[in-house]
Amino acid sequence: LFEEVPKLGILSPVSLKWGNDCPKDRKLFPMFLLPLVCYMFRKECLDGLISGTDYYDYLFSARENFRSYDLDTEICIKAYINDFMFCVTNEILIYEDEGLIYNNTQETKTESKELHRSLMFKEGMKFLMETYGFRNKNEMRAWGQQEILNFFQRNTDAKKVFYL
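Description of the structure in this document. (Residues numbered from 1 in each chain as written. Predicted model: local features only at pLDDT ≥ 70, side-chain atom pairs only at ≥ 80, totals over all residues. Heavy atoms only, no water.)

Here we have four strands laid out as an open sheet, ordered 2-4-1-3, and mixed in their pairing. Each end of this open sheet is capped by a strand with a single partner; those strands are strand 2 (28-30) and strand 3 (40-41). In terms of strand pairing, strand 1 (residues 8-14) meets strand 4 (residues 85-93) through six bridges, oriented parallel. Following the sheet pairing, Val14 is matched in strand 4 by Leu93. Contacts between helix 2 (residues 71-81) and the sheet are confined to strand 1, strand 2, strand 3 and strand 4, with strand 4 contributing the most and set at about 120° to the helix. (Pairing = 2+ DSSP bridges. Helix = DSSP H or I, 4+ residues; strand = E, 2+ residues; numbered from the N terminus. Contact = heavy atoms within 4.5 Å. Axes fitted to C-alpha atoms, helices over the stretch in contact; angles between N-to-C directions.)

For the α-helix, the turn length of 3.6 residues means that residues three or four positions removed from each other point alike. With 18 residues, helix 6 (residues 137-154) ought to run about 26 Å at 1.5 Å a step, and its terminal C-alpha atoms sit 26 Å apart, in line with that. On its buried side, helix 6 packs onto strand 2, helix 2, strand 4 and helix 5 (113-132). Capping of helix 6 at its N-terminal end is provided by Asn136; its side-chain oxygen lies 3.0 Å from the backbone amide nitrogen of Asn138. (Expected span 1.5 Å × (residues − 1). Polar contact = N/O pair within 3.5 Å; in protein donor to acceptor, adjacent residues only side chain to side chain.)

Another aspect to go through is the pattern of salt bridges. Enumeration over the complete set of coordinates arrives at eight salt bridges. Lys137 serves as the salt-bridge partner of Asp70, at 3.9 Å between the closest nitrogen and oxygen. Separated by 67 residues along the polypeptide, Asp70 in the loop between helix 1 (43-49) and helix 2 and Lys137 in helix 6 bring together distant segments of the chain. We classify Asp70 as buried; its relative accessible area is 4%. Between Arg154 and Asp83 there is a salt bridge, and its shortest N-O distance comes to 2.9 Å. Note that Arg154 is positioned in helix 6 and Asp83 in the loop between helix 2 and strand 4, a separation of 71 residues in sequence. Residue classification places Arg154 among the partly exposed residues on the basis of a relative accessible area of 42%. (Salt bridge = Lys/Arg side-chain N within 4 Å of Asp/Glu carboxyl O. Buried < 20%, exposed > 50% of the residue type's maximum accessible area, 1.4 Å probe, protein only.)

Pairing of strand 2 with strand 4, which is carried by three bridges, proceeds in the antiparallel orientation. If you follow Pro30 over to strand 4, its bridge partner there is Cys87.

With that settled, the discussion passes to the side chain of Arg42. Looking at the element boundaries, Arg42 is found in the loop between strand 3 and helix 1. Look at Arg42: it is buried, it has no salt bridge, and the nearest opposite charge is Glu44 at 4.6 Å. Separated by 2.8 Å, the side chain of Arg42 and the backbone oxygen of Val5 make a polar contact. (Lys, Arg positive; Asp, Glu negative; His and termini not counted.)

Right, let's talk about the packing of aromatic side chains for a bit. One pass over the full model with this rule turns up nine aromatic pairs. Judged by centre distance (5.4 Å) and plane angle (75°), the ring pair of Tyr80 and Phe151 falls under edge-to-face. Of this pair, Tyr80 sits in helix 2 while Phe151 is found in helix 6, placing the two residues 71 residues apart along the sequence. The pair formed by Tyr80 and Phe151 is uniform in burial state, with each residue classed as buried. Ring pairs connect the aromatic residues Phe127, Tyr132, Phe134 and Trp143, which therefore count as one cluster. The lysine or arginine in question, Lys137, covers the ring of Tyr69, its NZ or CZ lying 4.7 Å from the ring centre. (Phe/Tyr/Trp six-rings, centres within 6.5 Å; stacked < 30°, edge-to-face > 60°. Lys NZ or Arg CZ within 6 Å of the ring centre and 35° of its normal.)

Written out as structure tokens, the structure reads:
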């Protein structure tokens, strides 16, 4: 798929749990919002997303956004800004077993699901405000939708992805 679409920067499989399936009659479908579970990156796209030199800031903003609140949206927006698409494909199906983490918090030395989600939201809202000036997640999502439109206005040839 990466060879067929030069502007494809990030590819994600579908999951029965996410609800963001690729239309059945297409190989690819552009998106900006899917859980960060299993992404495949084009090297040139990944190079444009890397901002730091240590593991805290290499791809993720781990110092400011330790629990990765809305990180998937942030990565996809940055890809579109750098002229790469984020697409989902129904040619790959993934099954995510969240129970591996949430049922083994003692062994993995992590917080409970409830505490993690509470802290992720609280810390994440602070991150969105301090980093982007957004008061809520919807403002981040609106920015994402606008960047997709901007991408296709700059890259009209990339619209062929709708016909694969």
